[in-house]
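What the coordinates show
Listed below, chain by chain, are the residues.
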Amino acid sequence: MIEAILVMALGAVVLGAALGYAAVKFRVEGDPLVEKIDAILPQTQCGQCGFPGCKPYAEAIARGEAEINQCPPGGEEGIRKLADLLGREVKELSAEHGVEKPKSVAFIDEQRCIGCTLCIQACPVDAIVGAAKQMHTIVAAQCTGCELCLPPCPVDCISMRPIAETPQTWKWKYPVFAIRPVHPAHPAPGSRP
Amino acid sequence: MNALRKLFSFHGGVKPDYHKEASAQTPIAVPPAPTLLTIPLHQSIGGTPHPIVKVGDAVLKGQRIGEADGMVSSAVHASTSGTVVAVDLRPLAHPSGLSVLCVTIAPDGQDRWIDAQPFDYRQASPLETRDYLRDAGVVGLGGAVFPSHLKVNPGKLGRLETLVINGAECEPFITCDDLLMRERAVGLIRGMAIMRELLNADRVLLGIEDNKPEAIAMMRKALTQAPDVAAHEAIEVVVVPTRYPAGGAKQLIRVLTGIEVPHGQRSTDYGVQCFNVGTAFAIYEAIDLGRPLLSRIVTVAGNVERPGNYDVLLGTPMRHLIELCGARPGTDRLIMGGPMMGVTLPNDAVPVVKATNCILAGTPALFPPPPPEMPCIRCGECAKVCPADLQPFELYWFSRAKLFGKTQEYHLFDCIECGCCAYVCPSRIPLVDYYRFAKSEIWARERDKEAADEARERYEFRQLREEREKQEKAAKLAAKTAAGREKAAATLAEAEKLAQAPVLTPAEDAKKALIAAALERARAQKDAVQPGNTEQLSDEQRAEIAAIEARRAEIRAMAKPHLPPDD
């Protein structure tokens, strides 16, 4: 009887020690859910969601304080991925936060730029180079297309230009076939393009 | 020897109609140079070369016009001598029809070469040899245009067991490799010998499908007559059974050596490397003759009067070739490559590039428009013929449903797009189109992901920097205020010493002292400043000034009664 109790007690101590050690050794730093949400967000850092960047928005979603349909650059696909991750329902993109646009980059008209540095201060990813009273220019490869540099510009010399397709970025189209009407006299109304 | 060699077999494959006779009848012809050559700078996998010529420059045949951009890239050259008339965006031989940077040359008709010098690869280090091949623009001519200098590397093992040279040419209609082997066997054997040395390979196996008896005979004959005995011993011509796609790199390696390269690994890790015969010949030309890759053999077939093979200068418009072969009416499209793997081109003005092994003039009769797609009935025929041992119907389902993660789980990227599955599909589903769609979507997503990761990093760094700057500013301000206080305290102490009236509070006293000090400073400054132009004047000038001053005083006295009172 006493041996049985001792064996059980010893087992409890050993297992407790193991669990305690594991809790210290394999402690999870930060909130993995925030990281996962942040990985889905497009990192445009545009603030259209109402939060000052993608990470704060991810934190708000994780806390349940924000909807998943507030990110226009992420678009429908982003919403679908967030819904999958969080087990929430897919929603339409919230109109008050903006609309999904084709990807574009900012472009500075260098003739009109006066070198005021206001856009440099506004750029969330440091993609604008220049100095006071010197011409500024955009590093197109690093521009996220957030449009945050547009409002501060006093001479309106920044415009957004859609990214041109190259043979390297060109995508094969989803195969679609035309459905031909059987009787040419009565074309089927629902024929696909 | 060959009779004893045990051949292996790859899974699946099909036996389409080959249609090779038509274009294999006549020897390789050299077409006259066109009036304009449009040479795209991007002709290989990897970075786009930088143009190093400008409009108006005179170029020689073989002169480099585009410099390789980094290691994974390959140079491009002027295919003939002439003048550069444009460096601009022009449509590329690509299904997208998009434009890329091209150098357009107006040939002068003299075809003057650069001073071509052979390259002594035995004296050069492996790195120098690879740089030389990169600058000679040698890329894989089987169709994938992977820069060859990256493959001329024995890898981790430092030596290669088997060097496979691909002369299988399994795709219907195409005969450019067949004709190359028939007509240029000696140079080809020299190229294989050079590659054997560069790659430190024990043996070289040249695989040729058994439907090319002339090529097999010519290669065997050239091998017995080869002057280099060591090369003769190590190189072997192996006849492989005709079955599409025996010319796929992995499939040919499997047939010749029995090695099946696992998913995600490279054949060099298993002591095997595979090159196309065209590439081997290009390496011979680059190293022994010092000639960069300027032309390639192109099969022109389909709806033309005289199908055949042509040694075409890179940059020649395809229309030029089709006219030369006698265009027949009814051609509705041009296909680059064969009917199984080729792509439809946007128009006939696009230039021949390093990847152009065949141009097919298509008609609705020759290649009927794809019949409507029917539902998949899961018959499994596609899985039976897949040479990559994949499950094409599963890939189809997932690609169609845009479940790209699933397609990768089913190894979509092991698909070589050979088209066997679509060829046998009873529902006539354009399976390869779905795979290409899924692949390009996945690549686009990967690019987006990389861009997002970089943006995140830069954003976080910016926040870190802003925080640091804020702290630095605060520290600076604190230091400044502290210094100001110290100074004020010092002045105060001094003022206290001087102070005669102890009734003043120390603060008032300090203030007064500061004011006094400021007044003193101002006075000293005033004293120091003197009119700059009143010194060193002659007596006459002084007299003149005095006279003027007197006149002024007079006028002032006269004007005073008329002026309003000054207040």
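Residues numbered from 1 in each chain as written. Chains lettered and ligands numbered in written order. Predicted model: local features only at pLDDT ≥ 70, side-chain atom pairs only at ≥ 80, totals over all residues.

So, about the overall build of chain B. Scanning chain B from N- to C-terminus turns up 17 helices and 16 strands. A compact globule built from 567 residues would reach a C-alpha radius of gyration of about 24 Å, whereas chain B, at 40 Å, exceeds it by more than 25%. Residue burial in chain B is summarised as follows: out of 567 residues, 40% are buried. Contacts spanning at least 24 positions in sequence make up 71% of the contacts within chain B whose residues lie at least 6 apart. (Helix = DSSP H or I, 4+ residues; strand = E, 2+ residues; numbered from the N terminus. Rg over C-alpha atoms; globule rule 2.2 N^0.38 Å. Buried ≥ 20, exposed ≤ 12 C-beta atoms within 10 Å, placed from the backbone. Contact = placed C-beta atoms within 7 Å.)

Summing up its helical and strand segments, chain A has 5 helices and 4 strands in all. Mapped in sequence order, the helices and strands of chain A form the string α-α-α-α-β-α-β-β-β. For 193 residues, the compact-globule estimate of 2.2 N^0.38 gives 16 Å, and the C-alpha radius of gyration of chain A, at 27 Å, exceeds that figure by more than 25%. On the principal axes, the C-alpha backbone points of chain A span a range of 90 × 70 × 35 Å. A total of 193 residues make up chain A; the buried ones form 22% of that total. Once local pairs closer than 6 in sequence are excluded, the contacts in chain A between residues at least 24 apart make up 55%.

In this complex, chain B contributes 22 residues to the contact, which on the side of chain A involves 21 residues. With 14 residues, helix α15 (residues 431–498) of chain B is the largest single contributor of residues to the side of chain B that touches chain A. Taken together, the residues that form the side of chain B that touches chain A break down as 11 nonpolar, 3 polar and 8 charged. (Nonpolar A, V, L, I, M, F, W, Y, C, P; charged D, E, K, R; others polar.)

Now for the sheet that holds strand β11 (residues 272–276) of chain B. Note on sheets: strands pair through backbone hydrogen bonds, and any given pair is parallel or antiparallel. All names here are of chain B. Within the open sheet, the 4 strands sit side by side as β10-β9-β8-β11. Their pairing is parallel. Each end of this open sheet is capped by a strand with a single partner; those strands are β10 (235–240) and β11. Geometrically, the sheet is characterised by an average inter-axis angle of 25° between neighbouring strands, direction not taken into account. Pairing between strand β8 (residues 160–167) and strand β9 (residues 201–209): 7 bridges, direction parallel. Residue pairing in the sheet places L163 in a bridge with V204 of β9. (Pairing = 2+ DSSP bridges. Axes fitted to C-alpha atoms, helices over the stretch in contact; angles between N-to-C directions.)

The next subject is the environment of E460 of chain B. Here E460 of chain B lies in helix α15. C-alpha separation for the pair E460 of chain B and Y435 of chain B, spaced 25 residues apart in sequence, amounts to 37 Å.

End to end, helix α4 (residues 75–86) of chain A covers 17 Å across 12 residues, agreeing with the expected 16 Å (1.5 Å per residue, within 8%). Note on α4 of chain A: the residue one or two positions beyond its end, G87 of chain A, has a positive phi of about 70°. (Expected span 1.5 Å × (residues − 1).)

On to the packing of helix α2 (residues 32–40) of chain A against α4 of chain A, then. All names here are of chain A. Running from N to C, α2 and α4 cross one another at 160°; their axes reach a closest spacing of 10 Å. Considering the angle they form, α2 stands roughly antiparallel to α4. Helix-helix and strand crossings are classified by hand; for α2 and α4 the assignment is right-handed. Contacts between α2 and α4 involve K36, I37 and I40 from the former and G78, K81, L82 and L85 from the latter. Looking at the contact of α2 with α4 residue by residue, the class counts come to 4 nonpolar, 1 polar and 2 charged. (Parallel < 35°, antiparallel > 145°, perpendicular 65-115°, else oblique. Left-handed = near helix turned anticlockwise from the far one by under 90°.)

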